[in-house]
Amino acid sequence: MHTRLATKDVTRIMDLSPYEIMPLVELGRELKSDIRSYKDHFAQRSLVMLFEKPSLRTRVSFEIGFARMGGHAVYLDHEKLRIGERETIADYSRNLERWCDCIVARTMSHNTITTLAANATIPIINALSDIHHPCQALADYMTLVELGFDCRQHQLAWVGDGNNVCHSLMELMATIGASMIVVTPEGFEPSADIVRDCQARACRTGATLRHTNDVKKISGSFAVYTDTWRSMGQSEKVAKETVFKPYCVTPDIMALAGSGAYFMHCLPAHRGHEVVDAVIDSPCSVVFDQAENRMHIQNALLLNLLTTPTQDSLGKNTTRTLPTTRSRP
Ligand code: CP
Ligand code: NVA
């Protein structure tokens, strides 16, 4: 079933409603099983990818995914010259929307994403910022659904830094009404603003979000999720190894979660730091399923965000119509 997203942009999970997430996952699973009927769907459509930080999974999954649906992606490397340095971010949006149908952006500052979105008539997809990583969280939820995660009875455990990936997973769990326990060292908690937004949404959806510094509290979790202790762009001056060491996901920590708990990581992994080989290479690890699902869920997102713009006599995109997704038989 195809969703018609109410939002123009996906800057964070909170842009999506509780009713939009499951249909997106269902479409992602449909595309994963067979994408052939969409092979020309985005013919003559273009995606521009603005990246201020390195990427393997996000870049490759967006480029290959869009190409498999007939579209064309252009990658702009902004690792040296940041977006907004050569001309304003607003002017960037106003230029790009004349040529392309969607912008996928990975930025140092989340403000760059929201400024691009505020100044473009075309959809902006956040491909990771300092605060959010919504495409990752959607792929992770798709992976959890494949594994049988039931938001009425299962809990997801986060162990490590309260970072961008953690924020997006919290927003997702709050949106679908699930339980999540976030375990971080003291001083590395998730942002208080994000926690407040998540608790407000949890009040409406019945989600349970808890935070602790005590890793023993993860008992009974469906999956244990961790990520790097030092996200891209974070200062190398803050010493983290000592304070984070008790949060390294080892077989003992997996045993605390319970037998049968899955291990999750957005990747890239820093083996021997946030996770040891004996966990990430074990049968309980689903990290490459998560990586694969990035492409399928992003394709679902693109199908539901991209519009057929009608053009006025000057060639300027002036209106948005409903997504041109294939109708189901
Ligand atoms: N998980 C993820 O976003 O990976 P990349 O940084 O390689 O895109
Ligand atoms: N938290 C990590 C995620 C990488 C995909 C970072 O921002 O570097």
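Residues numbered from 1 in each chain as written. Chains lettered and ligands numbered in written order. Predicted model: local features only at pLDDT ≥ 70, side-chain atom pairs only at ≥ 80, totals over all residues. Heavy atoms only, no water.

## Points about the packing of aromatic side chains
Here is step 1 of the chain: Tallied over the full model, the rule gives 7 aromatic pairs.
Here is step 2 of the chain: On the basis of an interplanar angle of 75° and a centroid distance of 5.4 Å, the ring pair of phenylalanine 149 and phenylalanine 222 is categorised as edge-to-face. Note that phenylalanine 149 is positioned in the loop between helix 5 (134–147) and strand 5 (155–159) and phenylalanine 222 in the loop between strand 7 (208–212) and strand 8 (223–226), a separation of 73 residues in sequence. Each member of the pair, phenylalanine 149 as well as phenylalanine 222, is classed as buried.
Here is step 3 of the chain: Centre to centre, the rings of tryptophan 158 and tyrosine 225 are 5.2 Å apart; their planes meet at 25°, and the pair counts as stacked. With tryptophan 158 in strand 5 and tyrosine 225 in strand 8, the pair connects residues that are 67 residues apart, well separated along the chain.
Here is step 4 of the chain: Judged by its relative accessible area of 0%, tryptophan 158 is buried.
Here is step 5 of the chain: Judged by relative accessible area, which is 0%, tyrosine 225 ranks as buried. (Phe/Tyr/Trp six-rings, centres within 6.5 Å; stacked < 30°, edge-to-face > 60°. Helix = DSSP H or I, 4+ residues; strand = E, 2+ residues; numbered from the N terminus. Buried < 20%, exposed > 50% of the residue type's maximum accessible area, 1.4 Å probe, protein only.)

## Considering the site of ligand 2
Here is step 1 of the chain: Taken together, Leu128, Asn163, Asn164, Val165, Asp227, Thr228, Ser231, Met232 and Leu267 make up the full set of residues near ligand 2.
Here is step 2 of the chain: Between serine 231 and ligand 2, the recorded distance is 2.7 Å, taken from a side-chain N or O atom to a nitrogen atom.
Here is step 3 of the chain: Within the backbone of methionine 232, one N or O atom sits 2.8 Å away from an oxygen atom of ligand 2.
Here is step 4 of the chain: Residue classes in the shell around ligand 2 are distributed as 4 nonpolar, 4 polar and 1 charged. (Near = heavy atom within 4 Å. Polar contact = N/O pair within 3.5 Å; in protein donor to acceptor, adjacent residues only side chain to side chain. Nonpolar A, V, L, I, M, F, W, Y, C, P; charged D, E, K, R; others polar.)

## With respect to the sheet that holds strand 8
Here is step 1 of the chain: Read from one edge of the open sheet, 5 strands run 7-6-5-8-9, paired in parallel fashion. Strand pairing shows two members of the sheet lacking a second neighbour, strand 7 and strand 9 (262–265), which therefore form its edges. Geometrically, the sheet is characterised by an average inter-axis angle of 20° between neighbouring strands, direction not taken into account.
Here is step 2 of the chain: With 5 bridges joining them, strand 5 and strand 6 (residues 179–183) adopt parallel strand pairing. Residue valine 159 lies in a different strand from strand 6, and its bridge partner there is valine 183.
Here is step 3 of the chain: Sheet strands touched by helix 5: strand 8 and strand 9. Its angle to strand 9, the strand with the most contacts, is close to 165°. (Pairing = 2+ DSSP bridges. Axes fitted to C-alpha atoms, helices over the stretch in contact; angles between N-to-C directions. Contact = heavy atoms within 4.5 Å.)

## Re the site of ligand 1
Here is step 1 of the chain: In the vicinity of ligand 1, the residues found are Ser55, Leu56, Arg57, Thr58, Arg106, His133, Gln136, Cys266, Leu267 and Arg294.
Here is step 2 of the chain: At a separation of 3.1 Å, an oxygen atom of ligand 1 approaches a polar side-chain atom of arginine 294.
Here is step 3 of the chain: In isolation ligand 1 exposes 260 Å². Once the protein is present, 96% of that is buried.
Here is step 4 of the chain: Classifying every residue of the shell around ligand 1 by side-chain character gives 3 nonpolar, 4 polar and 3 charged. (Areas by Shrake-Rupley, 256 points an atom, 1.4 Å probe, with all protein chains shown as cover.)

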